[in-house]
Amino acid sequence: MQPRSSSDGDKLARLHKQASEKASLIREKASDHTILLASHFDADGISAGSIMLSAVNRLGSVPHLRIIDSVNERILDQIEAIESDLVIFTDIGSGYLEIISKILRNRDIVVADHHQPLGEPGSNLHHFNTHILGFDGSEEISGAGTAYLLAKALDSRNTDLSAMAIVGALGDQQDKGPERRFKGLNADILKDAIESKVIEVTKDLIFFGRQTRPIHRAIASTTDPFLPGLSGEEDRCLALLDAAGIPTKVDDRWRTISDLSLEEKSRIVDKIIEHTISSKFPGEIVLNLIGSVYTLTREEPGTSLRDAREFATLLNSCGRMNRAGLGIAIGIGDRGESYQQAQQLYSEYKTQLSKYMNWVATAPNATRTGKNVVIVNGKGIIDESMTGAVSSLISSSKLFGESKVTVVTTLTRSGEAKVSTRATEQLVQKGVNLGKILQNLSPKYGGVGGGHAIAAGATIQSSELDGLLGDLEKSLDEVLA
Ligand code: C5P
Ligand code: C5P
Ligand code: ZN
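For the structure given in this document, a descriptive report is provided here.

Here we have six strands laid out as an open sheet, ordered 10-11-12-13-15-14, and mixed in their pairing. Looking at the sheet topology across the chains shown, the edges are occupied by strand 10 (367-369) and strand 14 (448-451). When the angles between neighbouring strand axes are averaged without regard to direction, this sheet yields 15°. Pairing between strand 13 (residues 416-422) and strand 15 (residues 455-461): seven bridges, direction antiparallel. Considered in strand 15, the bridge of E416 is made with Q461.

This part takes up the coordination of the zinc ion (ligand 3). D44 (OD), D91 (OD), H114 (NE2) and D172 (OD) make up the full set of protein donors to the zinc ion (ligand 3), lying at 2.0 to 2.3 Å. Coordination at the zinc ion (ligand 3) is irregular: its six donor atoms span angles of 64 to 173° at the metal. The motif formed by the donor residues of the zinc ion (ligand 3), counted along the single chain, is D-x46-D-x22-H-x57-D. Of the two residues, D91 sits in the loop between strand 3 (86-90) and helix 4 (97-103) while D172 sits in the loop between helix 6 (162-171) and helix 7 (184-195), which places them 81 residues apart along the sequence.

So, on to the pairing of strand 13. The element strand 13 is extensively covered by neighbouring structure, given that six of its seven residues are classed as buried. Where strand 12 (residues 405-411) and strand 13 come together, six bridges link them in antiparallel fashion. Across the sheet, residue T410 finds its bridge partner in strand 13, namely K418. Here strand 12 hands over to strand 13 after four residues, with G415 in that stretch at a positive phi of 85°.

What follows is about helix 11 (residues 308-320). The end-to-end C-alpha distance of helix 11 is 18 Å, a good match for the 18 Å that 13 residues give at a rise of 1.5 Å each. Within helix 11, 12 of the 13 residues are buried, which leaves it mostly tucked inside the rest of the structure. For helix 11, the complete set of buried residues consists of A308, R309, E310, F311, A312, L314, L315, N316, S317, C318, G319 and R320. Looking at the buried positions of helix 11, the neighbouring elements they touch are helix 2 (43-58), helix 6, strand 9 (290-296), helix 12 (324-331), helix 13 (337-362) and helix 14 (387-397). Taking the backbone nitrogen of R309 as reference, a side-chain oxygen 2.9 Å away marks D307 as the first, capping residue of helix 11.

Let's shift gears to the site of ligand 1. Ligand 1 sits among 16 residues. The nearest are D42, H115, D172, S392 and H452. Here D44 contributes a side-chain N or O atom positioned 3.5 Å from an oxygen atom of ligand 1. Considering ligand 1 on its own, with 470 Å² of exposed area, one finds that the protein chains cover 89% of that surface. Of the residues belonging to the shell around ligand 1, the class tally is two nonpolar, seven polar and seven charged.

Taken as a whole and assessed by the stated rule, the structure comprises 28 salt bridges. D160 serves as the salt-bridge partner of R58, at 2.8 Å between the closest nitrogen and oxygen. In this pair, R58 sits in helix 2 while D160 sits in the loop between helix 5 (143-154) and helix 6, placing the two residues 102 residues apart along the sequence. Assessed through its relative accessible area of 46%, R58 is described here as partly exposed. Here E80 ties to R107 by a salt bridge, and the two come within 3.4 Å at their closest N and O atoms. Placement of E80 in helix 3 (residues 73-81) and of R107 in the loop between helix 4 and strand 4 (108-113) is noted, with a sequence separation of 27 residues between them. Given a relative accessible area of 10%, R107 falls into the buried group.

Here the focus is the packing of aromatic side chains. Per the counting criterion, the structure on display carries two aromatic pairs. Here the aromatic rings of F182 and Y294 are separated by 5.1 Å at their centres, their planes lie at 40°, and the arrangement is tilted. Here F182, found in the loop between helix 6 and helix 7, pairs with Y294, found in strand 9; they are 112 residues apart in sequence, far enough to count as distant. As far as burial versus exposure is concerned, F182 and Y294 are alike and both buried. Plain terms: the ring middles of F208 and Y346 are 5.4 Å apart, the flat faces sit at 15° to each other, and that makes the pair stacked. Pair noted here: F208 is in the loop between strand 6 (199-205) and helix 8 (215-221) and Y346 is in helix 13, with a separation of 138 residues, a long-range link. Both residues of the pair, F208 and Y346, count as buried.

Calculation notes
- Residues numbered from 1 in each chain as written.
- Chains lettered and ligands numbered in written order.
- Predicted model: local features only at pLDDT ≥ 70, side-chain atom pairs only at ≥ 80, totals over all residues.
- Heavy atoms only, no water.
- Pairing = 2+ DSSP bridges.
- Helix = DSSP H or I, 4+ residues; strand = E, 2+ residues; numbered from the N terminus.
- Axes fitted to C-alpha atoms, helices over the stretch in contact; angles between N-to-C directions.
- Donors = N, O, S within 2.8 Å, 3.2 Å for Na, K, Ca; no water.
- Tetrahedral: all angles 85-135°; square planar, octahedral: opposite > 155°, others 65-115°.
- Buried < 20%, exposed > 50% of the residue type's maximum accessible area, 1.4 Å probe, protein only.
- Expected span 1.5 Å × (residues − 1).
- Contact = heavy atoms within 4.5 Å.
- Polar contact = N/O pair within 3.5 Å; in protein donor to acceptor, adjacent residues only side chain to side chain.
- Near = heavy atom within 4 Å.
- Areas by Shrake-Rupley, 256 points an atom, 1.4 Å probe, with all protein chains shown as cover.
- Nonpolar A, V, L, I, M, F, W, Y, C, P; charged D, E, K, R; others polar.
- Salt bridge = Lys/Arg side-chain N within 4 Å of Asp/Glu carboxyl O.
- Phe/Tyr/Trp six-rings, centres within 6.5 Å; stacked < 30°, edge-to-face > 60°.

The values are spatial; any link to function lies outside them.
Encoded structure:
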């Protein structure tokens, strides 16, 4: 890790000062007032909500928690109707400061978030945003990490909650340092997790289900990185193992990745590189398969919760399959029945996602390709809670190459248009900032939007969708000219 300069030291001092100011307010309210928590519905948001719920519980207060998929007037009216003296938003809110301050004008509000902010908060809104404090919220701190900083400011014994902050950061794909390590504030949080013995880091092959699944299923279940011709293709993975001379069973028991010797692992990697290059994809994709593996030491060995990346995927499945409450139960420590249910949801989520991916790859009118975009029209097909997952997967699968922004659209149950966009690191380096583009354009089309440079979304009036998409393409053409 790079040594920190004195200006980094100043930034950190400001961050911790702000965290302790917000913590004082939360502590004061927790003593004899009611607190309402609101958090985003994806893996990071569920992790953030679980951290705040645990931290506030430990103060002796029993807060309510609402998981929300967006911030708008309807949702804020519902929050307004719930009795509370303090509302704490995590992993959501920084793009919606004015409307939150206005509708919840009779409450104290804390917004703890890592999204690109917009507007000015009212005097009742206490904003804790890592971007404003100079820390890049798309790659060095997640919503869960931001919530963890508050939890730690509330009580220094809360360092065990760092495990969930790491789960949230993995859910937001922030393991983008060399060998899938963390950068910046995430690396500091990881240090807390290692010191408090809740996480161990080792270097290994990063396949989904390293310790729990037969090897061919672990390879086929891996979508980050996406392995062309292997992700989602169990039979081809079996054939690859056969070609590499790897026995898949010992007696009647399936072997797992963690049963393999170093030599066998390197034979598998060589075969995957060979396969990737022969499918005309760059062999470097495979490098992302080797790197830091984060083991949650307090979890039962042999369960998917023991691996922090798999934990995040389970939470994401809960949120996106409309069972965020189950995700929270797991996030605060429920196991047994909750874990079984989440496993079941994960398998339904995977089936749903591969149905959508097949449809995208084969339906003649599913996609339209422009110079810098590929647009998926998921109206009537893709559920509104799944657009982000589909967009992420299309983008990482490089189904349409690496040089286009992926845009997935659908119609919501209340008749609005929902848009989920994903760029690539390459495009962000060229200046693409999807969060800013959607923040600026959406109000023109009767809606709201925002997010990160690399991943952003919007909800607008459905009759205005073509207008927004046209303007989005124009903005991208200008940046990428
Ligand atoms: O609201 P939040 O910040 O938690 O969501 C960020 C979203 O962006 C996540 O769904 C995450 O998976 C996605 N993402 C992505 N590609 C990246 C970084 C984030 O698809 N490189
Ligand atoms: O919904 P989706 O997963 O595509 O969202 C991508 C990112 O954009 C997330 O970080 C989400 O919080 C953010 N977003 C936002 N405002 C919206 C929609 C999405 O800030 N209206
Ligand atoms: Zn987040």
